[in-house]
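Commentary on secondary and tertiary structure
Here is how the chains run, residue by residue.
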Amino acid sequence: MSESKKIEFSKQEIERYSRHLIIPEFNIEGQRKLKAAKVLVVGTGGLGAPLLQYLTAAGVGKIGVVDFDVVDESNLQRQVLFQVEDIGKHKVDVAIERLRGLNPHIEFVGYKQQLTSENALEIVKAYEVVADGTDNFPTRYLVNDACVLLGIANVYASIFRFEGQVAVFNLKQPDGSFGPNYRDIFPSPPPPGMVPSCAEGGVLGVLPGIIGSLQANEVIKVITGIGEPLSGKLHLVDALTLDSRTVSYGKDPNREEITKLIDYDQFCGLNGEPMPHQSGLKSVTVEDLQAMRENGNYHLLIDVREPYEYEIANLGGKLIPQQSIEDRLQDIPKVGNVVVHCRSGVRSAQTISLLQEKYGYSNLYNLDGGILAWARRIDLTMPKY
Amino acid sequence: MATVKFTANLKRFYPHLAPQQTNAGTVAEILDHIEITFPGIKDYIVNEQGQLRKHVNIFIGNSLISDKMELSDPVKSGDEVYIMQALSGG
């Protein structure tokens, strides 16, 4: 960590941080380390909201904020840093404005861009700790590899529906070596579609509040040296049962050495293992489907989403949830055009592959982009979820 | 008997997935056992060669299994085996 001996505090800061200063194990030394620290927070989404607020409130001296996105209405269910009036504004701008109001003693640096293989090393090298609150596998591998190449700790958290994970990767050990990193526990990403994002599968709004707070706790432990950071460990939380467990792992002896940044979209899209039950697929666009409807071309539309999704929005298709598809084969003819859709096109593709491979169907078409594409390009009054 | 627990993520494919009791002696035998109750579930845990998928991990107690290729790690009565996978959301 940075040289903290020369760090001093104003009267106002002393009063602000007094509840830290009176903890014997933390005291003014811990506060000095926080003020001397430089932390890069990647992603200002669900995890970023509590993470940024607690790091700012706690007094981390310099905080970098990376996000290319703007605030969307669907963010407000969990991204508590944002308000209704912020919709459409850059998340980085809104976040920094709000955080400055929380603690004017912090230096903020905004990066309104996507972290890429081209810019990651340049951005990350100005910091001592990175907190990964991104929402996709390519960026997670990118953040990890950049941290490994630069010898920087990567405080990781991820969430999906009701589950969360927290870990500290690549933490410098007392002997100068580095602890295990993301690739030691997850050597490569899942096949596309096998592990959906929160946008695809949903997330309980309060979950990132819980997990992002744990992540902030780990960042503070790493900076100040108090407690036992989750190095070589992965903390898992199930919000439904409140079961949590901390599992251990070491360096993977078979892991390839990380020597440079790569094309992470390709790594996550093309190099993954094939998804089970998924091969050659015919598809139609939402414009094709609209034309089929307007021209009266015979087709059957099957919706493989869940009933609660159907209630939110539907195209009038026959509802056969993906899980019950094999019990409803009698409802799916093997002649005539059958268009299968879901929310974004992933589940319907899986369903078609299963029906083709296991039951010999050859008349099925996947609706590219699912009902979301319909809501975006055909019927703009339809709610997107 | 060992107890096998799963990440809730697999409930996307197997809504009735719940902890399983098993007398299996190795991790590989455990997967064969749960495949009977939940046909096809192994495909989400191991690849075509029977090796652990790289975004999936199996822990016995709190320790990661050591044999990800043949899943030969022994499991004894009273062990809790946990099958989890990477998440990407943030």
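Note that this is a predicted model, so its numbers are computed, not measured.

**Some thoughts on the overall build of chain B**
Within chain B one finds two helices and five strands. For chain B, the sequential pattern of α-helices and β-strands runs β-β-α-α-β-β-β. If you line up chain B on its principal axes, its C-alpha atoms span 35 × 25 × 25 Å. Residues counted as buried form 57% of the 90 residues belonging to chain B. Excluding contacts between residues fewer than 6 apart, the proportion of contacts in chain B whose partners are at least 24 apart in sequence is 49%. Approximately 3,800 Å² of chain B is accessible, and the part contributed by carbon and sulfur atoms is 51%.

**A closer look at the interface of chain A and chain B**
Across the boundary between the two partners, chain A contributes 47 residues, which contact 30 residues of chain B. Between chain A and chain B, a total of about 3,200 Å² is buried, with carbon and sulfur atoms accounting for 52% of that surface. Joining chain A to chain B, the criterion identifies one salt bridge. A salt bridge links A:Arg245 to B:Glu80, with the nearest nitrogen and oxygen atoms 2.7 Å apart. Our count for the contact surface shared by chain A and chain B stands at 15 residue pairs in polar contact (both at pLDDT 80 or more). Going through the elements one at a time, α7 (137-150), β5 (153-160), β6 (163-169), α8 (182-185), β7 (233-238) and β8 (243-248) of chain A are the ones with two or more residues in the side of chain A that touches chain B.

**Things to note about the pairing of β8(A)**
Residues and elements named next belong to chain A. Pairing geometry for β7 and β8, over six bridges, is antiparallel. From the neighbouring strand, Leu 234 faces β8, where its bridge partner is Val 247. Between the antiparallel neighbours β7 and β8 lie four residues, among them Leu 242 with a positive phi of about 60 degrees.

**Describing the packing of helix α12 (residues 286-294) of chain A against helix α15 (residues 370-377) of chain A**
Two quantities define a packed helix pair, namely the angle between the axes and the distance from one axis to the other. Residue and element names in this part refer to chain A. Relative orientation of the contacting elements α12 and α15 amounts to 80 degrees, with a least axis distance of 9 Å. Overall, the two elements α12 and α15 adopt an arrangement that is roughly perpendicular. Counted together, Val 286, Glu 287, Leu 289, Gln 290 and Arg 293 of α12 and Gly 370, Ala 373, Trp 374 and Arg 377 of α15 form the full contact between these two elements. Taken together, the residues of the contact of α12 with α15 break down into four nonpolar, two polar and three charged.

**Some thoughts on a negative patch on the surface**
Residue and element names in this part refer to chain A. On the surface, Asp 69, Asp 72, Glu 73 and Asp 135 cluster together to form a negatively charged patch. Among the structural elements, Glu 73 can be located in the loop between β2 (62-66) and α5 (91-102). What makes Glu 73 exposed here is its relative accessible area of 57%.

**Overview of the pattern of salt bridges**
Applying the stated criterion across every chain yields a total of 22 salt bridges over all chains. Here the salt bridges do not stand alone but share partners, grouping A:Glu85, A:Asp86, A:Lys89 and A:Arg98 into one network.

**Focus: the domain arrangement of chain A**
Per the domain assignment, the segments of chain A are domain 1 (37-269) and domain 2 (283-377). Between domain 1 of chain A and domain 2 of chain A, the C-alpha centre-to-centre distance is 36 Å.

**Let's talk about a nonpolar patch on the surface**
Nonpolar side chains collect at one region of the surface, where A:Leu121, A:Leu149 and A:Leu150 lie side by side and expose about 190 Å² of accessible area between them. As for its placement among the helices and strands, A:Leu149 is situated in helix α7.

**Brief notes about unusual backbone geometry**
Residues and elements named next belong to chain A. Unusually for a residue other than glycine, Asn 27 sits at a positive phi of about 45 degrees. Within the element layout of this structure, Asn 27 appears in helix α3 (residues 27-36). Take Asn 27: its relative accessible area is 25%, and that puts it in the partly exposed class.

**Focus on helix α1 (residues 27-37) of chain B**
Residues and elements named next belong to chain B. Residues of α1 that are buried include every one of Val 27, Ile 30, Leu 31 and Ile 34, and no others. In an axial view of α1, the angular spread of the buried residues amounts to 95 degrees, which keeps them on one side of the axis. Next to the buried residues of α1 lie β1 (2-6), β2 (20-22), α2 (42-45), β3 (56-60) and β5 (80-85).

**Focus on the packing of helix α4 (residues 48-58) of chain A against helix α10 (residues 207-224) of chain A**
Residue and element names in this part refer to chain A. Put simply, α4 and α10 touch, their axes get as near as 8 Å, and they point 40 degrees apart. By the angle between their axes, α4 is oblique relative to α10. Both α4 and α10 take part in a crossing whose hand is right-handed. Where α4 abuts α10, its residues Pro 50, Leu 51, Tyr 54, Leu 55 and Ala 58 lie against Pro 208, Gly 209, Gly 212, Ser 213, Gln 215, Ala 216, Val 219 and Ile 220.

**Considerations on the nonpolar core**
Residue and element names in this part refer to chain A. Of all hydrophobic cores here, the largest spans 49 residues; its most connected members are Leu 55, Ile 63 and Val 219. Of all the elements, α10 adds the most residues to this core, at seven residues. Apart from the residues within four sequence positions on either side, Leu 55 is in contact with Val 39, Val 41, Val 60, Ile 63, Ala 216, Val 219 and Ile 220. One finds Leu 40, Tyr 111, Phe 137 and Phe 169 within the second-largest nonpolar core, a separate group that totals 36 residues.

**A few points about the packing of aromatic side chains**
Tallied over the entire structure, the rule returns 10 aromatic pairs over all chains. With centroids separated by 5.1 Å and ring planes inclined at 50 degrees, the aromatic side chains of A:Tyr156 and A:Phe169 adopt a geometry described as tilted. Highlighted residues: A:Tyr156 in strand β5 and A:Phe169 in strand β6, separated in sequence by 13 residues. For the residue pair A:Tyr156 and A:Phe169, the accessibility class agrees, reading buried in each case. Both rings, one in B:Tyr14 and one in B:Phe38, keep their centres 6.1 Å apart while their planes meet at 75 degrees; by these two values the pair is edge-to-face. One end of the pair, B:Tyr14, is in the loop between β1 and β2; the other, B:Phe38, is in the loop between α1 and α2, with 24 residues separating them in the sequence. Exposure class is identical for B:Tyr14 and B:Phe38. Each is buried. Clustering of aromatic rings is evident, with ring pairs tying together A:Tyr141, A:Tyr156, A:Phe169, A:Tyr182, A:Phe186 and A:Phe267. Across from the ring centre of A:Tyr127, 5.3 Å away, lies the NZ or CZ of A:Lys62, which sits over that ring. When the ring centre of A:Tyr385 is taken as reference, the NZ or CZ atom of A:Arg343 above it lies at 5.3 Å.

Quick notes on the rules
Residues numbered from 1 in each chain as written. Chains lettered and ligands numbered in written order. Predicted model: local features only at pLDDT ≥ 70, side-chain atom pairs only at ≥ 80, totals over all residues. Heavy atoms only, no water. Helix = DSSP H or I, 4+ residues; strand = E, 2+ residues; numbered from the N terminus. Buried < 20%, exposed > 50% of the residue type's maximum accessible area, 1.4 Å probe, protein only. Contact = heavy atoms within 4.5 Å. Areas by Shrake-Rupley, 256 points an atom, 1.4 Å probe, with all protein chains shown as cover. Buried area = accessible area lost by both parts, 1.4 Å probe. Salt bridge = Lys/Arg side-chain N within 4 Å of Asp/Glu carboxyl O. Polar contact = N/O pair within 3.5 Å; in protein donor to acceptor, adjacent residues only side chain to side chain. Pairing = 2+ DSSP bridges. Axes fitted to C-alpha atoms, helices over the stretch in contact; angles between N-to-C directions. Parallel < 35°, antiparallel > 145°, perpendicular 65-115°, else oblique. Nonpolar A, V, L, I, M, F, W, Y, C, P; charged D, E, K, R; others polar. Patch = residues over 30% accessible without salt bridge, like charges linked within 9 Å, V, L, I, M, F, W, Y side chains within 5 Å. Lys, Arg positive; Asp, Glu negative; His and termini not counted. Charge placed at Lys NZ, Arg CZ, Asp CG, Glu CD. Domains from an automatic or database assignment. Arc of directions from axis to C-beta. Left-handed = near helix turned anticlockwise from the far one by under 90°. Core = buried A, V, L, I, M, F, W, Y, C linked by side-chain atoms within 4.5 Å. Phe/Tyr/Trp six-rings, centres within 6.5 Å; stacked < 30°, edge-to-face > 60°. Lys NZ or Arg CZ within 6 Å of the ring centre and 35° of its normal.

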